[in-house]
Amino acid sequence: MALTGRRKGVVNDRKGKGKMIATPPAPLSPSEEQSERRAFEFLSVELVLHFVRNVLDVLSNLGDNIYLFSRLRLLPLSEHRTTQADRFTDYAALLSSAIGLMLVRNARLDVWAEGRVVRKGVLKLEERIEKLVVMEVEVEVTKEEGEAAGSSSAVVAEEDRKLRGLEGEERWLKDRVRTERRKLKQLRDELTDLWWERLRLGAEGVFAVYDVLELETGSEAIRSWSGLTSAAILFSQTWQEYYSRG
């Protein structure tokens, strides 16, 4: 979220002085200052959450490898230390899933908000196009009536100029509508990707909860299905990213 740039100085050239004088920036209203402060705080929190999640993912993978190598007798660790590494991995995976779900929720809210703005803009553009079509018909009728009544060529040329201007504006607006609709499609695709990412993180969270709390009720079945779901979605996301790049 970009911060506004109204605090930049404006350079003026006063007549007769030959100097470039920086005028003071326009003061921000209290509501604008509050909006800027909230935007900066939100961006800072997002960056911190992303950083913490990446650190947790690294620690979780490290704990998994330590546990695996210890079980394979490739690391000289005691049974107690191996269990501690496994427990640490479970907690790191659970926290990473929780932070990931929070980030996905924020991203979905941003996409929804942007989609509403784009959709309203498309509706306004389409309303303008409808008005232009009506105006074109009116100008065409006026032009034909002028030609039938033997009006001067200047009047007919003026109506023809108006008609060409309206047609040009209509083509430009239609191009804008197509561009905005492509953007809406991209936003819908982003929402779909975020939905699958939320499902994957939810499955990982369920698996981690069963490990952290050492639950026994339906443990094997639930852990198997949650792990399979997470792995399948991750494989699909990786393949889609590879396919899109290729």
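In this text the structure is predicted, and so the values were computed from the model without any measurement. (Residues numbered from 1 in each chain as written. Predicted model: local features only at pLDDT ≥ 70, side-chain atom pairs only at ≥ 80, totals over all residues. Heavy atoms only, no water.)

Sorry, what's going on with the overall build of the protein chain here?
Looking only at helices and strands, the protein chain features 4 helices and 2 strands. Secondary structure of the protein chain in N-to-C order comes out as β-β-α-α-α-α. Per-residue burial over the protein chain gives 24% buried out of 246 residues. Considering only residue pairs separated by 6 or more positions, the protein chain has 69% of its internal contacts joining residues 24 or more positions apart. Only carbon and sulfur atoms are counted for the fraction: they give 60% of the accessible area of the protein chain, which is about 17,800 Å². (Helix = DSSP H or I, 4+ residues; strand = E, 2+ residues; numbered from the N terminus. Buried < 20%, exposed > 50% of the residue type's maximum accessible area, 1.4 Å probe, protein only. Contact = heavy atoms within 4.5 Å. Areas by Shrake-Rupley, 256 points an atom, 1.4 Å probe, with all protein chains shown as cover.)

Before we go on, may I ask you to explain a nonpolar patch on the surface in this structure?
A contiguous nonpolar patch, built from Leu68, Phe69, Leu72, Leu74, Leu75 and Leu77 and spanning about 520 Å² of accessible area, is present on the exposed surface. Counting through the fold element by element, Phe69 comes out in helix α1 (residues 30-71). (Patch = residues over 30% accessible without salt bridge, like charges linked within 9 Å, V, L, I, M, F, W, Y side chains within 5 Å. Salt bridge = Lys/Arg side-chain N within 4 Å of Asp/Glu carboxyl O.)

Teacher, can you tell me more about the side chain of Glu180 here?
One can find Glu180 in helix α3 (residues 153-213). In this structure, Glu180 is buried with no salt-bridge partner, the nearest side chain bearing the opposite charge being Arg176 at 4.4 Å. In this view, Glu180 contacts Val118, Val122 and Leu125; residues no more than four positions away in its chain are not counted. (Lys, Arg positive; Asp, Glu negative; His and termini not counted.)

Quick question: what am I supposed to make of a positive patch on the surface here?
Taken together, the side chains of Arg116, Arg119, Lys120, Lys124 and Arg188 present a region of like positive charge at the surface. The element contributing the most residues to the positive patch is helix α2 (residues 79-148), with 4 residues. Among the secondary structure elements, Lys124 is positioned in helix α2. (Charge placed at Lys NZ, Arg CZ, Asp CG, Glu CD.)

Even after reading the chapter, I still don't get the side chain of Glu170, so can you show me in this structure?
Residue placement: Glu170 occurs in helix α3. Among the residues examined, Glu170 registers a relative accessible area of 11% and is labelled buried. Apart from residues no more than four positions distant in its own chain, Glu170 is found in contact with Ile129, Leu132, Val133 and Glu136.

So what exactly am I meant to see when it comes to helix α4 (residues 219-245) here?
Because an α-helix completes one turn every 3.6 residues, residues spaced three or four positions apart along the sequence face the same direction. With 27 residues, α4 extends 39 Å from end C-alpha to end C-alpha; this agrees with the ideal 39 Å at 1.5 Å per step. Check the buried side of α4 and you find it contacts α3. (Expected span 1.5 Å × (residues − 1).)

Any chance you could explain the packing of α3 against α4 here in plain terms?
For any two helices packed against each other, one specifies the inter-axial angle together with the distance between the axes. Two numbers describe how α3 lies on α4: the axes approach to 9 Å, and their chain directions differ by 145°. Read as a crossing pair, α3 and α4 show a hand that is left-handed. Together, Asp193, Trp196, Glu197, Leu199, Arg200, Ala203, Glu204, Val206, Phe207, Tyr210 and Asp211 of α3 and Ser219, Ile222, Arg223, Ser226, Gly227, Thr229, Ser230, Ile233, Leu234, Gln237 and Gln240 of α4 make up the contact between the two elements. Partitioned by chemical class, the residues of the contact of α3 with α4 number 9 nonpolar, 7 polar and 6 charged. (Axes fitted to C-alpha atoms, helices over the stretch in contact; angles between N-to-C directions. Left-handed = near helix turned anticlockwise from the far one by under 90°. Nonpolar A, V, L, I, M, F, W, Y, C, P; charged D, E, K, R; others polar.)

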